[in-house]
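Residue-level listing of the chains:
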Amino acid sequence: MTGLFFLLLILIFICIFNKKHKNAYILFGLFVILWVAFFIPHTIRYINIQL
């Protein structure tokens, strides 16, 4: 999953450098949604194990 995030960030930077800002905004929004959906449950499980 972290590889997918890395590739998505690379695509965002490519879109920014090619002056395709609308695509970059859409991809960045997708990145943030996926990051929140993946890491928050992982963090909650980790905190529950530690308690």
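We now turn to the structure provided with this report. In this text, all values refer to a predicted model and were calculated from it rather than measured experimentally. (Residues numbered from 1 in each chain as written. Predicted model: local features only at pLDDT ≥ 70, side-chain atom pairs only at ≥ 80, totals over all residues. Heavy atoms only, no water.)

## Regarding the packing of aromatic side chains
Next, step 1: All chains considered together, the criterion is met by three aromatic pairs.
Next, step 2: The interplanar angle of 85° and the centroid separation of 4.9 Å between the aromatic rings of phenylalanine 38 and phenylalanine 39 together place this pair among those described as edge-to-face.
Next, step 3: By relative accessible area, which is 25% here, phenylalanine 39 ends up partly exposed.
Next, step 4: Here the aromatic cluster, defined as three or more aromatic residues joined through ring pairs, consists of Trp35, Phe38 and Phe39. (Phe/Tyr/Trp six-rings, centres within 6.5 Å; stacked < 30°, edge-to-face > 60°. Buried < 20%, exposed > 50% of the residue type's maximum accessible area, 1.4 Å probe, protein only.)

## Details of a nonpolar patch on the surface
Next, step 1: Together, Phe28, Val32, Trp35, Val36, Ile40 and Ile44 make up a nonpolar patch on the protein surface, roughly 530 Å² of accessible area in all.
Next, step 2: Position of isoleucine 44 relative to the elements: it lies in helix 2 (residues 21–50).
Next, step 3: The class of isoleucine 44 is partly exposed, set by a relative accessible area of 48%. (Patch = residues over 30% accessible without salt bridge, like charges linked within 9 Å, V, L, I, M, F, W, Y side chains within 5 Å. Areas by Shrake-Rupley, 256 points an atom, 1.4 Å probe, with all protein chains shown as cover. Salt bridge = Lys/Arg side-chain N within 4 Å of Asp/Glu carboxyl O. Helix = DSSP H or I, 4+ residues; strand = E, 2+ residues; numbered from the N terminus.)

## Examining the environment of phenylalanine 5
Next, step 1: Counting through the fold element by element, phenylalanine 5 comes out in helix 1 (residues 2–17).
Next, step 2: Put simply, phenylalanine 5 and isoleucine 26 are 21 residues apart on the chain and 14 Å apart in space, counted from C-alpha to C-alpha.
Next, step 3: Those residues in contact with phenylalanine 5, other than ones at most four positions away along the chain, are Phe31, Leu34, Trp35, Phe38 and Phe39. (Contact = heavy atoms within 4.5 Å.)

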